[in-house]
Every structure is written in structure tokens, then in C-alpha cells.
Amino acid sequence: MKNPISDIPDIDSLQELTDAISVVMMVGLSIITPSGKLLVRDNRYGCFYREIFRASPAADTAYRQFISEFCASKEPAFSIRLCPVTGLTDALINLTLDEVPVAALLLEGIRLAEDNISDDRYREIARSLRIDENTYLKGVHELPLINAEHLNHILHLISLGSRHLYRLAIANLSLKSTVNSLEDQESLYLQEKNVLEELAERDSMTGLYNRRKFEEILSCYSRQSDRTICMISADANFLKLTNDIFGHEAGDMLLQAIAKIMSDLAKSDWLVARCGGDEFRVILPDTTLETALDYCRRVARNCSQDKSLTLPLSVALGAAEWNSAAETLQDCFSRADVKMYQNKTALKHELRIPNYIMERLYDRQILNKEVVESTSGLTCAFAQYLKFSEEQAREISLASHYQDIGMAKLPEAFVIRGQSRTEEETSQVHMHVSHSYTMARQFDELYKIADIIHCSHENWDGSGYPNNLKENGIPIESRLIRLTSDYVRRTHPTVRGGYHTVEETMQKLREESGRIYDPELTSQFLQYLQEHST
């Protein structure tokens, strides 16, 4: 339990109380904590010390010493003592609770009849303290003369009143603590209630309103047929593809990015909600179809300009204005949903995802666009030289173009940094071939060449990756790509170093024939290079 005396918030009220007691009892009254802290300033009958006695540093020091010793007494009730420094009597009431001191009430400047001294003696005291005699004597005479019996009654009354007030203070402090505790509990309850209400109507991932809130507001607006209301249906593109290729964390980032754009561009009275999976919905009260369509265009534009993700940030949108005389608001949303799917179909044909991923790899300098395109061209030409059909040559060329698309799944530091990789990092880089295979199988235009891509980094002697295939166990298309890729890589400058001459590279291919490269295919490739060197 805190000490109420030492933690009183309303000192002004306490001051008013002690001033009143001082006037009625005609004594100076102070309240002192066990630590010696003075809680109230001098009152009317304490002015003798403030205005006369303490004007002398010597007098003030001597009197403080006396008071310090006097207050150190541990008498349970009250005590009276003549102060030799002032020639006046002081009294002390020790207030305790369960024998523990809680405060002391000091009564100062009492002219006790039984201890009264002559004016000459007061003058001697004034001279010893270097205080003007007449001023000191006048101050003493202004103090009332009190006999011992009267003083005892005063001290008894103050002691009883103080104890009752202290008990009330304890009760009040306990009540205040209870009230504060209840207020804290209420505040905590309100905070938890607000959190729960927020969770009940918000999507935890995106922060948008959820389906429950959407349907609640939809029901409310459906009864307001006199208002112009538009509905928007939106669907995030490539969420499943993102989850399958890059994982659910990347999918969450895609949804959060779209949600932020849709929320930032919406007016304050519009409701933007995520209603599950990749589905978003918007209610636009007091809004024309033209404004709704403009919002759709701005959302689509801002998404297309966002290059923060490996896959394009894209959302299909459809808008409809409510014809309240002929349909329900839900019917209006259904029309918006149909338009959204029409937009989604159009976007599917417009956006070539493999090319987008490759462009991102070029932008991040993980792959060199000139090297990729030169490899693709050389591969197609060499395949045609070997009498592959036009269709087969095109497919082999396409496989060479996208063989390293799986680099998009690797941390950039493993790919472009100039220092040597650790064994673990090298192993992860080698995994990009399996990633390329997995990604190729996700796209209709690459599905047929996924197996060629998967084997494009195998070596003739079985020392390649990812499956250590060897010799004729490696598809011939993949063996061909191994040759053309290394040739172009060696003869073109890259971000990781210089390049070799054609002659040096051809010699390197001869040296590695039978280990890395198919010997017969290497011989044919060298012959092709010689024939086309001019």
C-alpha cells in the first residue's frame, strides 16, 4: 500500500486545511514525511519564522538542527519541547499506522505560559542571532499566550483528527486504486473489443475489408435504390502461378501489392474488400460508371508500372452501374464479374509471362540479353544445319532461350556477385535447372520443351547436373544446346568477365570433347563454325 501522505495529488486542498487549522488553533502547522519532505508551505502562524527568524542564516541553521533532532523522536503520541534557539515552544505529533511512522505534524512558535521568558531574555536571543531586537520582540508578542492544558487539548484534537483523516486517505487511496484498476480493465477491454471488431471485418493479410463486411455493406446499399451505385469485380492474375513457382510468400506479396494500389486509389467512402483467394470487390456509392471505369484504368496502369515482383503485377477488372429499377445490387455485381472475366481472357493473351520473367533477369543483370538471343539464334541455325525440321529447330532454339529462366528463383547474391561461391551456394545455383524445368511446365508455350531444358546442363561423361546423365542418355537437343551455349558464352563479354576469341573457344571445345560435349556433335559443330566463319 502506498503512503497516502507522501502521494497526495491535491496539495492545494491540504494547504487550505492546514491554514485553517493554524488560524483556529493559533499555531504554526507543518506536515513532514518520514523522509523529511515538507508537504505544505508556511501558513499564517508560521510567518514568525519565515519573515523574522529565518532572515538570519545563523538562526536558520541552528533552528533546523533543533527541528531535525526533535523530529527524530519516535514517541507514538505527541511531545512538547522548549526550543533554546528561539525561546519558544514546539510540539510534534507522530502519526503511525501499525507502529510504522507515516507522517509528523509540527507545531511551531508556541508561547507556552509555563515556559514564558522575559522580554530581556528574548532580546538576548535576538542579539545572539543577529536579529533586530525590537522586530524580534514584536513578533513574539504577536503570538498568542497558551497554557499547557490548552496546548494538550489542541494536540489531542489534532492527533485524533489526523488519524481519522489518514484512515480516510488510506480508504480513498484503496478506492482510487480499485477505480484505476477498473478503468484499466475497461480500457483493455475496449482495446481488445476494437481489435476483435477489426479482425471480424478486415482481411488479415491485406488489411482490406473482408467478405463479411462486404456483404454487410452490400445489404445496406441494396435498400438505397435512389442512389447511383457502381460495383467492381477484380481478380488478381497469376496468383496460382506465383504460388507454384515462387512459393506462397511471394503470392502474399502479390496480393498485398494489388490491395495497396486499389486502396490508395479509392475514395474514402468506397469500400474495397478482399473476398477470398485472388478475388477483390469494390462498392462505389454516389459514383457514375465513367468514374468507376477510370478507377479500373488507373489501377491497371499502376499495377503494370510496378516492377517489384518477378512476375507481372496484374489484375483483371470489370465494372457495372446499378440499374435499381430492373435488377438487384447482386445482379449488378454479377454483370461486373462477367466483364472482369472478359478482361482476364484478354490479358492472358496480351501478357507473355516467360518473356516478362526473362526481361526481369536482364534488368537485374542476372542474364545477358545479347548472350541469350545470340545463343537462341545460333542454336536454331545449327539445328537446321543438322537437318532437324523447322519445327524441331524452333523448339530447340526456344529451349536454349529459356534454359536459365529458373534463375528467377535464386537469391541475386548467388548469381551476380564477383567473389567465389560456397559449396552450398553452388549447389543452389545448379538447382536453377530444375527450377527452369518446373517453370517451363507451367506455360503452354514451353511445356513441350521442358525435358530439353531439364537436361541442358548435363555433361557427356555424366559430371553435369541436375541428374548426372551421360552420353546418349542425354537428349540430343540438350547436347546441342550445351555446345552452342558454351560457345556463345565464351565469345561474348558478360558481367562476370571477359571473353575469348573464336579460335580459342573452338580449341576449348576440342579439348572438352568426350568429357563435356558429345564428340560427334562437337565435330559437326566445329565444321559448321568453319563453314560459316566467312
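Cut-offs used in this document
Residues numbered from 1 in each chain as written. Predicted model: local features only at pLDDT ≥ 70, side-chain atom pairs only at ≥ 80, totals over all residues. Heavy atoms only, no water. Helix = DSSP H or I, 4+ residues; strand = E, 2+ residues; numbered from the N terminus. Buried < 20%, exposed > 50% of the residue type's maximum accessible area, 1.4 Å probe, protein only. Areas by Shrake-Rupley, 256 points an atom, 1.4 Å probe, with all protein chains shown as cover. Phe/Tyr/Trp six-rings, centres within 6.5 Å; stacked < 30°, edge-to-face > 60°. Lys NZ or Arg CZ within 6 Å of the ring centre and 35° of its normal. Pairing = 2+ DSSP bridges. Contact = heavy atoms within 4.5 Å. Core = buried A, V, L, I, M, F, W, Y, C linked by side-chain atoms within 4.5 Å. Axes fitted to C-alpha atoms, helices over the stretch in contact; angles between N-to-C directions. Nonpolar A, V, L, I, M, F, W, Y, C, P; charged D, E, K, R; others polar. Polar contact = N/O pair within 3.5 Å; in protein donor to acceptor, adjacent residues only side chain to side chain. pLDDT = per-residue confidence, 0-100. Left-handed = near helix turned anticlockwise from the far one by under 90°. Disulfide = S-S within 2.5 Å. Salt bridge = Lys/Arg side-chain N within 4 Å of Asp/Glu carboxyl O.

A. Geometry of the overall build of the protein chain. Each helix and strand in the protein chain was counted, giving 21 helices and nine strands. In the protein chain, which comprises 534 residues, the share counted as buried stands at 46%. Approximately 27800 Å² of the protein chain is accessible, and the part contributed by carbon and sulfur atoms is 50%.

B. Inspection of the packing of aromatic side chains at higher detail. Inspection of the entire model under this criterion finds ten aromatic pairs. Seen in terms of ring centroids, Phe525 and Tyr528 are 6.4 Å apart; in terms of plane orientation they differ by 15°. Their pairing is stacked. Of this pair, Phe525 and Tyr528 both sit in helix 21 (residues 519–531), three residues apart, which is roughly one turn of the helix. Both residues of the pair, Phe525 and Tyr528, belong to the buried class. Chaining the aromatic ring pairs together yields one cluster made of Phe382, Tyr385, Tyr487, Phe525 and Tyr528. Above the plane of the ring of Tyr209 lies Arg202, whose end atom (NZ or CZ) is 3.8 Å from the centre.

C. A look at the pairing of strand 6 (residues 229–236). The element strand 6 is extensively covered by neighbouring structure, given that eight of its eight residues are classed as buried. Note that strand 6 and strand 8 (residues 279–285) share seven bridges and pair antiparallel. Residue pairing in the sheet places Cys230 in a bridge with Leu284 of strand 8. By the bridge criterion, seven bridges tie strand 6 to strand 9 (residues 315–321) in an arrangement that is antiparallel. Bridge pairing in strand 9 links Ser233 to Gly318.

D. Spotlight on the side chain of His432. By the secondary structure assignment, His432 is in helix 17 (residues 432–440). Classification of His432 by relative accessible area gives buried; the value is 2%. Discounting residues that sit within four places of it in the chain, His432 has contacts with Gln403, Asp404, Gly406, Met407, Leu410, His457 and Tyr465.

E. Layout of the nonpolar core. By size, the foremost hydrophobic cluster in this structure holds 51 residues, and its most contacted members are Ile357 and Phe525. By size, the runner-up hydrophobic cluster in this structure holds 30 residues, among which are Leu254, Leu284, Val299 and Leu309.

F. Examining the environment of Leu151 more closely. Tracing the backbone through its elements, the reader meets Leu151 in helix 6 (residues 148–201). A C-alpha to C-alpha distance of 9.8 Å links Leu151 and Val27, two positions 124 residues apart in sequence. Apart from the residues lying within four places of it in its own chain, the contact partners of Leu151 are Ile80, Ile110, Leu112 and Ile146.

G. Representation of the packing of helix 8 (residues 239–246) against helix 9 (residues 248–265) within the structure. Following both chains from N to C, one finds helix 8 and helix 9 inclined at 150°, their axes separated by 7 Å at the closest point. Mapping the contact onto sequence places Leu239, Thr242, Asn243 and Phe246 in helix 8 and His248, Ala250, Gly251, Leu254 and Leu255 in helix 9. Tallied by class, the residues present in the contact of helix 8 with helix 9 amount to five nonpolar, four polar and no charged.

H. Examining the environment of Ser485 more closely. Take Ser485: it is sitting in helix 19 (residues 476–491). Ser485 gets classed as buried once you look at its relative accessible area, which sits at 13%. Once the C-alpha coordinates of Ser485 and Thr375 are considered, the two residues, 110 residues apart in sequence, prove to be 5.6 Å apart. Setting aside chain neighbours within four positions, we find Ser485 in contact with Thr375 and Gln403. Here the side chain of Ser485 touches Ile481 through a polar contact of 2.8 Å, landing on its backbone oxygen.

I. The confidence of the model for the protein chain, seen in detail. Mean pLDDT over the protein chain stands at 85; residues scoring 70 or higher make up 86%. Per-residue pLDDT stays below 50 along residues 1–9; that stretch engages in 20 contacts with residues further than four places along the chain or on separate chains.

J. Region of interest: the packing of helix 19 against helix 20 (residues 502–512). Axis separation between helix 19 and helix 20 bottoms out at 9 Å; the angle between their running directions is 145°. At the point where helix 19 passes helix 20, the crossing takes the right-handed sense. Together, Leu483, Tyr487, Arg490 and Thr491 of helix 19 and Val502, Thr505, Met506, Lys508 and Leu509 of helix 20 make up the contact between the two elements. Across the contact of helix 19 with helix 20, the residue classes break down as five nonpolar, two polar and two charged.

K. Main features of the state of the cysteines. Taken as a whole, this structure holds zero disulfides when the rule is applied. Left without a disulfide partner, Cys332 is nearest to the cysteine sulfur of Cys230, which lies 6.8 Å away. Exposure remark for Cys332: the relative accessible area of 0% places this residue in the buried category.

L. Layout of the pattern of salt bridges. Evaluation of the coordinates by the stated rule reveals 24 salt bridges. The partner of Arg227 in a salt bridge is Asp286, with the nearest N and O atoms 2.6 Å apart. Of this pair, Arg227 sits in the loop between helix 7 (211–221) and strand 6 while Asp286 sits in the loop between strand 8 and helix 10 (289–305), and the two are 59 residues apart along the sequence. Arg227 sits in the partly exposed class, given a relative accessible area of 25%. Across the pair Asp486 and Arg489 runs a salt bridge whose closest N-O atoms are separated by 3.5 Å. One end of the pair, Asp486, and the other, Arg489, are both in helix 19, three residues apart, so they sit about a helical turn from each other. Owing to a relative accessible area of 6%, Asp486 belongs among the buried residues under this scheme. What makes Arg489 partly exposed here is its relative accessible area of 41%.

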